[in-house]
Amino acid sequence: MGRFGKSIKLDSTITKYYFIIILYESIDKLFGTVYVAHMGIRGLTSFQIGQVLAIASIALSVLDFPTGNIADKYGRKRSLVLGFFIWSIGLLVFFQANNLFTFILSILFWAAGVALISGTPGAWFVDEITKEGRAHLKAKVFPNANAISLIFGAIIALLSSVLAIGRPDFPLLVAGIMALGTSIILIFILNENYGDRAISFRKALVRNTIDIFKSTTMRLILIYSMTGIIAFQTFVMIWQLYMVKELKLSTAYLGFTMAIFLVVLAVGNSLAGILLKRFEGVKVSIMGQSLIAIGSITIASHASIVAFYLGASLIELGLGIDKSASSVWVHDLIPSERRASYISAISAAGSLFGFTIPLVSGYIADQIGFRYNWLLAFIGSIITITLLIKIGTKIRTVREVIENVEESN
């Protein structure tokens, strides 16, 4: 079981959290391995695919924050059950889609389901272990849960390659069925927990919005979520098309490539757990974004298979490090009773800005070539590093003020 197994007993709360994250990651990767290629095979152009992804981001930005407030007031368990159910509808409609309108319809269901799930597992878990007096475990559980789920995702990606032989859309059908099954299972295994239930939904929405924008630190985190999505969205939008259209690789390599990326992403998540023991969380995020910048410029510099796999692996490693690190240090800045609401607001900010990236990426790919997309990812990571430096400075300043007040008392 190793050092992690010795330090943390896999009890009911942790095991349930692992279960949710593993199932979510597996379903997401069944979808993610083939969805862009699936739209291309069904006749959509790169710009039309960008339109679908842009609409997905807009829908997420509109739905994410309200659904976080719903989870806090009406229950995180209810939010997860309903989220997986609606997600399953979106996946199954996407599986059947063969024109732009149907793809847009399916992606709206997809967005609604993902919005209900977004941030809720973490909020549910943190408050459960906090009630048990073990809040400190999140620094170990989050990186390890992410790493383990990504290993499962890599296996699923390889499996999707087998499933896609002769039927490229079959992984989408399996993903829809799994999401439906997960929704049913969660009804029976989760305890319900809540945020602030005393205040009305409308008042909570208004109050949380005002409080988020009043906080300098939260404003910086919202902007970080927006700029941090530039490289991520560009990578998600382009890598499958880049392999098939620019490098002329067969679609049969997509599942294999996704598996490699997920293993590297898992390594990044595990590495974040190690780095968090030695460095502040924001500094670890900066390390992750630096790797993304290096990987992006590597692919942009050389249009070759070797440069692509090397650069993409660095990007995935950086994404894993930043994601796990931020999942820890962001939670430290959020009040318990508003946890799902604030996490959803951060996600919504990223989606609100992120809807432009698929459109820009698709346009760049169609008009001037794929290589310039990697330059866009590089610029996004540099901007994000600058913001992270500001966030780290702000957090340290606040911490010093608190320490000085405590010493004076």
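What counts and what doesn't
- Every chain is numbered on its own, with residues counted from 1 as its sequence reads.
- The predicted origin of the model limits local features to residues at a pLDDT of at least 70 and limits the giving and counting of side-chain atom pairs to 80 or more, whereas totals for whole chains, interfaces and linings rest on all residues.
- Where side-chain values are given, they derive from all heavy atoms of the structure, hydrogens and water being excluded.
- UniProt positions are given in the numbering used here, feature names are shortened, and annotations may be inferred rather than shown by experiment.
- The helix count covers DSSP runs of H or I at least four residues long, the strand count covers runs of E at least two residues long, and both are numbered beginning at the N terminus.
- Radius of gyration here uses only the C-alpha atoms, and the compact-globule reference equals 2.2 Å multiplied by the residue count raised to the power 0.38.
- Summary of the burial criterion: residues with accessible area below 20% of their type's maximum are buried, those above 50% are exposed, and those between are partly exposed, where the area comes from a 1.4 Å probe applied to protein chains only.
- Only heavy atoms enter the contact rule, under which two residues are in contact if any of them lie within 4.5 Å.
- Areas reported as accessible are Shrake-Rupley estimates using a 1.4 Å probe. Residue values count occlusion only from the protein chains shown.
- The sign given to each residue is positive for Lys and Arg and negative for Asp and Glu; His and the chain ends receive no count.
- For charged residues, the charge sits on one atom: NZ in Lys, CZ in Arg, CG in Asp, CD in Glu.
- In protein, a polar contact requires one atom able to donate a hydrogen and another able to accept it; more generally it is a pair of N or O atoms within 3.5 Å, and residues adjacent in sequence count only if both atoms are side-chain atoms.
- Start and end points for every domain follow an automatic or database-based domain assignment.
- In short, buried area is how much 1.4 Å probe accessible area vanishes from two parts on joining, totalled over both.
- Put simply, a salt bridge is a Lys or Arg side-chain nitrogen that is within 4 Å of an Asp or Glu carboxyl oxygen.
- In these notes, a set of buried Ala, Val, Leu, Ile, Met, Phe, Trp, Tyr and Cys residues joined through side-chain atoms within 4.5 Å is what counts as a nonpolar core.
- Axis definition: a line fitted to C-alpha atoms, over the contacting stretch in the case of helices. Angles run 0 to 180 degrees between N-to-C directions.
- When an angle is under 35 degrees it counts as roughly parallel; over 145 it counts as roughly antiparallel; between 65 and 115 it counts as roughly perpendicular; any other value is oblique.
- Crossing handedness follows the turn of the near helix against the far one: under a right angle anticlockwise gives a left-handed crossing, and clockwise gives a right-handed one.
- When residues are grouped by polarity, Ala, Val, Leu, Ile, Met, Phe, Trp, Tyr, Cys and Pro land in nonpolar, Asp, Glu, Lys and Arg in charged, and all others, Gly among them, in polar.

- Per an unreviewed UniProt entry, the protein chain goes by the name MFS transporter and belongs to Petrotoga halophila DSM 16923.
- Under the UniProt heading Subcellular location (unreviewed entry), the entry covering the protein chain gives this text: "Membrane".

1. Topic: the overall build of the protein chain
Working step 1: Along the backbone of the protein chain there are 16 helices and zero strands.
Working step 2: In summary, the protein chain has a C-alpha radius of gyration of 20 Å against a globular reference of 22 Å for 409 residues, a match within 12%.
Working step 3: If one aligns the C-alpha atoms of the protein chain with their principal axes, the spans along those axes are about 65 × 45 × 45 Å.
Working step 4: Counting all 409 residues of the protein chain, 56% fall into the buried class.
Working step 5: Taking the intrachain contacts of the protein chain between residues at least 6 apart in sequence as the baseline, contacts between residues at least 24 apart amount to 85%.
Working step 6: Summing over all exposed atoms, the protein chain offers an accessible surface of approximately 17,000 Å²; the carbon and sulfur share of this is 68%.
Working step 7: Here the protein chain contributes 34 positive and 23 negative side-chain charges, whose respective centroids are spaced 2 Å apart.

2. Quick word on the environment of Ser324
Working step 1: Inspection of the secondary structure assignment puts Ser324 in helix 13 (residues 305–329).
Working step 2: We classify Ser324 as buried; its relative accessible area is 0%.
Working step 3: In contact with Ser324, not counting residues within four places along its chain, are Phe142, Pro143, Asn146, Asn269, Ala272 and Leu276.
Working step 4: At 2.4 Å, the side chain of Ser324 and the side chain of Asn269 are in polar contact.

3. Digging into the domain arrangement of the protein chain
Working step 1: The domain architecture assigned to the protein chain consists of domain 1 (11–192) and domain 2 (200–408).
Working step 2: With centres defined by C-alpha atoms, the gap from domain 1 to domain 2 works out at 18 Å.
Working step 3: With 50 residues of domain 1 at the interface, the matching set in domain 2 holds 53 residues.
Working step 4: Overall, the association of domain 1 and domain 2 removes approximately 4,100 Å² of surface from exposure, summing both partners, and the carbon and sulfur fraction of that is 68%.
Working step 5: Of all residues in domain 1, Ser46, Phe65 and Leu150 bury the most surface against domain 2, accounting for 15% of the area lost on that side.

4. Some remarks on the pattern of salt bridges
For side chains bearing opposite charge, pairing can occur when the charged atoms are close.
Working step 1: Inspection of every chain in the model, using the stated rule, returns nine salt bridges.
Working step 2: One salt bridge connects Lys29 with Asp28, and the closest N-O pair in it is separated by 2.9 Å.
Working step 3: Lys29 sits in the buried class, given a relative accessible area of 10%.
Working step 4: Overall, the relative accessible area of 21% leaves Asp28 in the partly exposed class.
Working step 5: For the salt bridge of Glu128 with Lys131, the shortest nitrogen-to-oxygen distance reads 3.0 Å. On the criterion of helical spacing, the pair formed by Glu128 and Lys131 is a turn pair, its members being three residues apart in helix 6 (residues 120–131).
Working step 6: Owing to a relative accessible area of 60%, Lys131 belongs among the exposed residues under this scheme.
Working step 7: Among the charged side chains, a network of salt bridges with common partners joins Glu25, Asp28 and Lys29.

5. Things to note about the nonpolar core
Working step 1: Core analysis: the largest hydrophobic core is formed by 113 residues, its most contacted members being Trp110, Phe308 and Trp374.
Working step 2: Among the elements that take part in this core, helix 10 (residues 216–246) stands out by supplying 14 residues, more than any other.
Working step 3: Split by domain, this core shows at least three residues from each of two domains, domain 1 (11–192) and domain 2 (200–408).
Working step 4: If near-sequence neighbours (up to four positions away) are discounted, Trp374 is found in contact with Phe235, Ile238, Trp239, Tyr242, Ser296, Ile299, Ala300, Phe308 and Ile315.

6. Thoughts on the packing of helix 10 against helix 15 (residues 356–367)
Working step 1: Between helix 10 and helix 15, whose axes approach to 9 Å, the crossing angle comes to 50°. By the angle between their directions, the pair helix 10 and helix 15 is classed as oblique. Taken as a pair, helix 10 and helix 15 cross one another with a handedness that is right-handed. Only Ile357, Pro358, Ser361, Gly362 and Ala365 of helix 15 make contact with helix 10, whose side of the interface consists of Ile230, Gln233, Thr234, Met237 and Ile238.
Working step 2: Here the residues of the contact of helix 10 with helix 15 sort into six nonpolar, four polar and no charged.

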